[in-house]
Amino acid sequence: MGKILIVLLFLSSFCFAQKPENDVIKESVEKLFTGMKNADTIMIRSVFADEAILQTITKNNEIKTEKLQNFLSSFSKLSKNDADEKIRFESINIDGDLASVFTPYEFYYKGQFSHCGANSFQLVKQNNVWKIQYLIDTRRTNCNK
């Protein structure tokens with residue numbers, strides 16, 4: 001009877017297994033967009049590493065770097081639901097504590113389509129939490145809608 005109980009306890013432990021790493025990474029990225037939609041700068045800040053780098057490739061093919069504090073400040077001036085970025089996970093690649101995520105998106109401001117593009121995230125696992133270390137995106141209006 002004791003051996004059966006041990007086997008049952010062992011098998012039941014699989015029911016409480018952790019989420020796949022891909023899902024945990026997706027949740028970290030999705031938390032950014034939930035924070036943006038809710039104009040919640042505390043939530044937005046929580047997903048970034050301390051020394052995060054944010055960049056955009058402009059339509060003139062220049063790379064514009066934005067300070068995280070300026071990014072947060074822009075959302076502190078918005079109301080809930082003003083900014084709604086709809087993303088689609090296209091790829092997630094993981095190697096140990098490094099993850100790369102690619103998400104095409106469409107951005108809506110106050111319910112109106114604004115622009116589209118793609119986000120490329122580099123995340124690092126710090127203290128068992130996935131944080132965005134690097135984000136670069138494209139922004140264009142000539143989308144296939």
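What comes next is a walk through the structure. (Residues numbered from 1 in each chain as written. Predicted model: local features only at pLDDT ≥ 70, side-chain atom pairs only at ≥ 80, totals over all residues. Heavy atoms only, no water.)

**What about the overall build of the protein chain?**
When its secondary structure is counted, the protein chain shows 4 helices and 7 strands. Listing each helix as α and each strand as β along the protein chain from the N terminus yields α-α-α-β-β-α-β-β-β-β-β. Counting all 145 residues of the protein chain, 32% fall into the buried class. Long-range contacts, defined as pairs at least 24 residues apart, comprise 50% of the intrachain contacts of the protein chain with a sequence gap of at least 6. (Helix = DSSP H or I, 4+ residues; strand = E, 2+ residues; numbered from the N terminus. Buried < 20%, exposed > 50% of the residue type's maximum accessible area, 1.4 Å probe, protein only. Contact = heavy atoms within 4.5 Å.)

**What to know about helix H2 (residues 21-37)**
Look at H2: 25 Å from first C-alpha to last across 17 residues, which is about the 24 Å you get at 1.5 Å a residue. When we look at burial in H2, the residues that qualify are Ile25, Ser28, Val29, Leu32, Phe33, Gly35 and Met36. For H2, the arc enclosing every buried residue in end-on projection is 165°, short of the 170-degree limit, so these residues lie on one face. Phi for Ala39, located one or two positions after H2, is positive at around 50°. (Expected span 1.5 Å × (residues − 1). Arc of directions from axis to C-beta.)

**Comments concerning the layout of surface pockets**
Of the pockets and cavities examined, the largest pocket occupies roughly 470 Å³. Along the walls of the largest pocket sit 21 residues, with Glu66, Phe71, Ser74, Phe75 and Arg139 positioned nearest its centre. Of all the secondary-structure elements, those providing two or more residues to the lining of the largest pocket are H2, strand S1 (48-57), strand S2 (63-66), helix H4 (68-76), strand S5 (98-109), strand S6 (112-126) and strand S7 (129-138). Here the residues of the lining of the largest pocket are counted per class, giving 11 nonpolar, 5 polar and 5 charged. (1 Å grid on protein atoms, 1.4 Å probe; cavity = no way out; pocket = protein on both sides within 12 Å on 5 of 7 lines; lining within 4 Å. Points joined across faces, edges and corners; volume = space filled by probe spheres on them. Nonpolar A, V, L, I, M, F, W, Y, C, P; charged D, E, K, R; others polar.)

**With respect to the state of the cysteines**
Under the counting rule described, the total for this entry stands at 1 disulfide. The disulfide partner of Cys116 is Cys143, and the gap between their sulfur atoms is 1.6 Å. Looking along the S-S bond of the Cys116-Cys143 disulfide, the torsion reads about -100°, which is the left-handed sense. Of this pair, Cys116 sits in strand S6 while Cys143 sits in the segment after S7, placing them 27 residues apart in sequence. Accessibility classification places Cys116 together with Cys143 in one group, the buried group. (Disulfide = S-S within 2.5 Å.)

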